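# Tertiary structure, described
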Amino acid sequence: QVQLVESGGGLVQAGGSLRLSCAASGSIVSIVSINAMGWYRQAPGKQRELVANITSGGSTKYTDSVKGRFTISRDNAKNTVYLQMNSLKPEDTAVYYCNADKITYRRYYEIRLTTAYDYWGQGTQVTVSS
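Every chain is numbered on its own, with residues counted from 1 as its sequence reads. Given that this is a predicted model, residues contribute local features only at a pLDDT of at least 70 and side-chain atom pairs are listed and counted only at 80 or more, while totals for whole chains, interfaces and linings are drawn from all residues. Hydrogens and water molecules were not included; the side-chain quantities draw on all heavy atoms of the structure.

As a further point, take the state of the cysteines. Our working definition of a disulfide is a cysteine sulfur pair at a distance within 2.5 Å. Overall, the coordinates contain 1 disulfide when judged by the stated rule. With a sulfur-sulfur separation of 2.1 Å, C22 is cross-linked through a disulfide to C98. On the sign convention where negative means left-handed, the S-S torsion of about -80 degrees between C22 and C98 marks this disulfide as left-handed. With a gap of 76 residues between them, C22 in strand β3 (residues 18-25) and C98 in strand β10 (residues 94-107) connect regions that are remote in the sequence. Relative accessibility decides the category of a residue: with a 1.4 Å probe and only protein chains considered, values under 20% of the type maximum give buried, values over 50% give exposed, and everything between is partly exposed. With a relative accessible area of 0%, C22 lands in the buried category. Given a relative accessible area of 0%, C98 falls into the buried group. Each helix corresponds to a stretch of at least 4 residues labelled H or I by DSSP, and each strand to a stretch of at least 2 residues labelled E; elements are numbered beginning at the N terminus.

The subject of this paragraph is the nonpolar core. Take the buried Ala, Val, Leu, Ile, Met, Phe, Trp, Tyr and Cys residues and link them wherever side-chain atoms come within 4.5 Å; each set so joined is a nonpolar core. Core analysis: the biggest nonpolar cluster contains 33 residues, and W39, L83, M85, Y96 and I103 have the highest contact counts within it. Among the elements that take part in this core, β10 stands out by supplying 6 residues, more than any other.

A surface patch of nonpolar side chains, amounting to about 340 Å² of accessible area, comprises I28, Y108 and Y109. Checked against the element boundaries, I28 lands in the loop between β3 and β4 (29-34). Exposure above 30% relative accessible area and the absence of a salt bridge qualify a residue for a patch, where like charges join within 9 Å and nonpolar side chains (Val, Leu, Ile, Met, Phe, Trp, Tyr) within 5 Å. Accessible surface is estimated by sampling points in the Shrake-Rupley manner with a 1.4 Å probe; for residues, cover comes only from the protein chains shown. By convention in these notes, a salt bridge is any Lys or Arg side-chain nitrogen within 4 Å of a carboxyl oxygen on Asp or Glu.

Let us look at the packing of aromatic side chains. Two rings from Phe, Tyr or Trp (for Trp, the six-membered ring) form a pair when their centres are within 6.5 Å of each other. A pair whose planes differ by under 30 degrees is stacked, one over 60 is edge-to-face, and the rest are tilted. The full count for this structure, using the stated rule, is 1 aromatic pair. Sitting over the ring of Y97, R48 keeps its end group 3.8 Å from the ring centre. Put simply, a charge is over a ring when the Lys NZ or the Arg CZ is close to the ring centre, within 6 Å, and near the line of the ring normal, within 35 degrees. The positively charged end of R48 is found above the aromatic ring belonging to W120, 4.7 Å away from the centroid.

Before going further, it helps to spend a moment on the side chain of R69. Structurally, R69 can be placed in the loop between β7 (60-62) and β8 (70-75). Any pair of residues with heavy atoms lying within 4.5 Å of one another is described as a contacting pair. The residues touching R69, leaving out its near neighbours within four places in the chain, are Q84, M85, N86, S87, L88, K89 and D92.

Here, a strand pair is defined by DSSP locating no fewer than two bridges between the strands. The 4 strands are arranged β1-β3-β9-β8 in an open sheet whose pairing can be described as antiparallel. The open sheet has two free edges, formed respectively by β1 (3-7) and β8, since each of these has just one partner strand. Between one strand axis and the next, the sheet turns through 15 degrees on average, direction left out of account. Both β8 and strand β9 (residues 80-85) contribute to a ladder of 6 bridges, which runs antiparallel. Bridge pairing in β9 places T71 opposite Q84. Fitted lines through C-alpha atoms serve as axes, helices being fitted only where they are in contact, and the angles separating the N-to-C directions of these axes extend from 0 to 180 degrees.

Right, let's get into the pattern of salt bridges. For the coordinates displayed, the defined rule picks out 6 salt bridges. Close ionic contact of K67 with D64 constitutes a salt bridge, the shortest N to O distance being 2.9 Å. One salt bridge in this structure joins R107 and E110, with 3.2 Å as the shortest N-O distance. Look at the salt bridges and you will find they share partners, linking R41, E49, R69 and D92 into a network.

Structure (structure tokens):
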């Protein structure tokens with residue numbers, strides 16, 4: 001009943017910028033907390049790889065190829081994670097997926113809390129032209 005919805009992908013020229021957003025929400029739930037959130041990407045013919053992640057406390061980690069160019073951030077009040085991508089390169093072209101490793105929420109009609117793991121968004125295409 002909780003889903004991650006991504007937005008912000010598109011086509012950009014090399015050297016340009018894009019900002020991805022991913023919001024966690026549910027129609028009949030109230031989200032209590034989200035543990036780490038992250039962005040992964042998968043290029044054609046390649047395995048999915050971690051791009052960046054951020055803990056609930058704000059600690060971040062990046063894959064080497066995006067350090068200094070990408071910035072991950074989150075707004076806990078909005079249950080949203082962002083990925084600011086600058087100085088984009090053709091090799092950044094991929095489908096980008098949002099992930100949340102643990103979400104605790106309460107259904108409106110229940111008192112107890114529910115914790116579920118490993119949520120994924122539907123993916124958003126990022127294409128960088130040379």
